[in-house]
Amino acid sequence: MDKKWWKESVVYQIYPRSFKDSNGDGIGDLQGIISKLDYLNHLGVDVVWLCPVYQSPNDDNGYDISNYQSIMNDFGTLSDWEELLAGLHSRGMKLIMDLVVNHSSDEHAWFVESRKSQDNPYRDYYIWSPGKDGQPPNDWGSFFSGSAWEYDEKSEEYYLHLFSRKQPDLNWDNPKLRKEIYDMMTWWLDKGIDGFRMDVINLISKVPGLPSVSGESNGEQPTYHFGGDYFVNGPRVHEYMQEMNREVLSKYDIMTVGEAVNVTPEEASLYVSEDRNELNMVFHFELMDVDSGPGGKWNVQPWKLADIKSIISKWQVALDGKGWNSLYMNNHDQPRMLSRFGDDKLFPKESGKMLATLLHTLQGTPYIYQGEEIGMTNVQFASIDDYKDIEIVNMYKEYLAAGHSEEKIMNSIYIKGRDNGRTPMQWNSESQAGFTTGTPWLAVNPNYQDINVENALADPDSIFYYYKKLIELRKQHEIIVYGSYTILAEENEQVYAYLRTLGEEQLLVVLNFFGEPATFDLPSTVKFQAKELLISNYEVNPEEELNTIQLRPYEARVYKLK
Ligand code: ISL
Ligand code: CA
């Protein structure tokens, strides 16, 4: 497998609105990020992924872009952004930008033109349809509730919006639109950025004819369905990715990661196989769906370790030697990993470190989401009015109208809501967690007195320093990056263990996934002469025999075997 800097890197994701406010308006901003670059450097991360900082009316916190080539006023100016890029580069870190081109804002100049009339030159930049019998053209539902179509009174047609009605989908079948996007990408790359994270990039190509999921509309009250069969990995998506690669990406030494909704490893390998010249890696959702029931994301069910193991194993094996994995367990769209997969009450440190060990010892590039490195947790606000996320707010209304109990809805928000990951970064125990001197746009998690950066930095045993060490180990041991993966003791219901292999070396990772003691028997097929304990989240006698390991709650160990 080819060696690449982005395989050897650890990425840190910043959600700018919630990272650090420099001017007291309650909204994180670019100068705030700049003031924390030494912190990121101290942690040791190589790459920063910046969620959208472009001009936006903020219907979806910057994922609705009204100008791709200018900075949101709340966040600062282009010269602040240039200072940020220079500040990262001078510290040896790289910057990847969020590319949101499945849709734009309805306030983007293209859409303002497009909706003026059916013969406007920008009409075909978006996806318009006359509909049928006064109904939308099909029964597709939006990711954010309701129909995926909105009727435009003035130009008398419906436009498609897979997300909010303020996020009209761009028409990738139009070569003029594609050229505009490639030019825009080139403009950013020429400023010296180091790559892109591409928002829902596998949704850009829609099946011609835009068919309904459940056949013809019968004129009754419409119900909406997930139309994924008609836009997930659509018919021309690989043609577009290869064109984008040829026209833009291939001209720079950059990294690319595409957010890919509902992809299997086989579908993902079409995006990331090195010989196909599309993307470097994708974010898949299989692991994030491990606690979703048949009713989807809000139909919460407990996860099972057996599923976590089989999903990760499947991806590790399928992409080995072909493409590359991304490794994450939370981001700005997901609840906090510590609350979801660990125990944020009884064993926050132990379980936070155990999960970190998993993410940093698999094959792939690990992504740290801001606050993960200090063990930030989910939040439970008392009232729906305290929540800001459009997905949460729309779902709440829809489910209430459909007769669900308020208690049940709030509970699903506590477990799955995106605002769990968006509460302000907890810097210290001062007012508003040191995030702002004003009133934060989204309330801080009340646990900031305990969980904050200042405390983490003062405690040599903190989750922060464990991450720092994992990042350092990655630089010292090539096997952590490039070794191939074999699961061990698959049937063990408490322990997740695996081997990584590179040449003569082996890496043994043993993780107790629960708050009870557990036993791990090393299979006799694993042979070695010498062992070295690289990291663990408890005191361990390095000479201890490995035949049978007694693990304490959430214990994690990594050995190098020779
Ligand atoms: O996580 C999700 C499943 O319900 C969705 O919240 C999410 O919209 C989906 O993962 C796609 O996410 C990306 O595109 C959205 C934006 O709201 C998310 O923040 C972004 O990461 C639309 O641009
Ligand atoms: Ca601010």
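The following paragraphs examine the structure supplied in this document. (Residues numbered from 1 in each chain as written. Chains lettered and ligands numbered in written order. Predicted model: local features only at pLDDT ≥ 70, side-chain atom pairs only at ≥ 80, totals over all residues. Heavy atoms only, no water.)

Comments concerning the coordination of the calcium ion (ligand 2)
Then step 1. Looking at the metal site, the calcium ion (ligand 2) is ligated by D21 (OD), N23 (OD1), D25 (OD), I27 (O) and D29 (OD), spaced 2.3 Å from it.
Then step 2. Of note, the calcium ion (ligand 2) draws all its donor residues from one chain, in the sequence arrangement D-x1-N-x1-D-x1-I-x1-D.
Then step 3. A relative accessible area of 3% places D29 in the buried class. (Donors = N, O, S within 2.8 Å, 3.2 Å for Na, K, Ca; no water. Buried < 20%, exposed > 50% of the residue type's maximum accessible area, 1.4 Å probe, protein only.)

Description of the packing of aromatic side chains
Then step 1. As enumerated under the stated definition, the model contains 37 aromatic pairs in all.
Then step 2. Following the ring pairs from residue to residue traces out a cluster consisting of W140, F143, F144, F163, F226, Y230 and F231. (Phe/Tyr/Trp six-rings, centres within 6.5 Å; stacked < 30°, edge-to-face > 60°.)

Structural notes on empty space enclosed by the protein
Then step 1. For the coordinates displayed, the defined rule picks out three cavities of 30 Å³ or more.
Then step 2. For the largest cavity, the calculated volume is near 150 Å³.
Then step 3. As for the largest cavity, its lining consists of 14 residues, of which H284, L287, I312, S326 and L327 are closest to the centre.
Then step 4. Elements with a contribution of two residues or more to the lining of the largest cavity: helix 8 (305–319) and strand 14 (326–327).
Then step 5. Counting residues per element, the lining of the largest cavity draws most heavily on helix 8, at three residues.
Then step 6. Class assignment for the residues of the lining of the largest cavity results in nine nonpolar, four polar and one charged.
Then step 7. Considering only enclosed or pocket space, the second largest cavity measures out at about 60 Å³ in volume.
Then step 8. Of all the elements in the fold, those that place two or more residues in the lining of the second largest cavity are helix 9 (337–341), helix 10 (348–360) and helix 14 (463–476).
Then step 9. Across the lining of the second largest cavity, the residue classes tally to six nonpolar, three polar and two charged. (1 Å grid on protein atoms, 1.4 Å probe; cavity = no way out; pocket = protein on both sides within 12 Å on 5 of 7 lines; lining within 4 Å. Points joined across faces, edges and corners; volume = space filled by probe spheres on them. Helix = DSSP H or I, 4+ residues; strand = E, 2+ residues; numbered from the N terminus. Nonpolar A, V, L, I, M, F, W, Y, C, P; charged D, E, K, R; others polar.)

Looking at helix 11 (residues 390–401)
Then step 1. Taking 1.5 Å per residue as the helical rise, helix 11 with its 12 residues ought to reach 16 Å, and the 17 Å between its terminal C-alpha atoms agrees with that figure.
Then step 2. Taken together, the buried positions of helix 11 are I390, E391, I392, M395 and Y396.
Then step 3. Tucked into the core, helix 11 has its buried residues touching strand 13 (296–300) and helix 12 (406–416).
Then step 4. The N-cap of helix 11, judged by a side-chain oxygen 3.1 Å from the amide nitrogen of E391 a few residues on, is D389. (Expected span 1.5 Å × (residues − 1). Contact = heavy atoms within 4.5 Å. Polar contact = N/O pair within 3.5 Å; in protein donor to acceptor, adjacent residues only side chain to side chain.)

Looking at the pairing of strand 1 (residues 11–14)
Then step 1. Of the two faces of strand 1, both are covered, the one formed by V11 and Q13 as well as the one formed by Y12 and I14.
Then step 2. Here strand 1 runs beside strand 15 (residues 365–369); their pairing, made up of three bridges, is parallel. Bridged to Q13 within strand 15 is Y369.
Then step 3. Relative to strand 2 (residues 47–50), strand 1 is paired through four bridges, and the arrangement is parallel. Bridged to Y12 within strand 2 is V48. (Pairing = 2+ DSSP bridges.)

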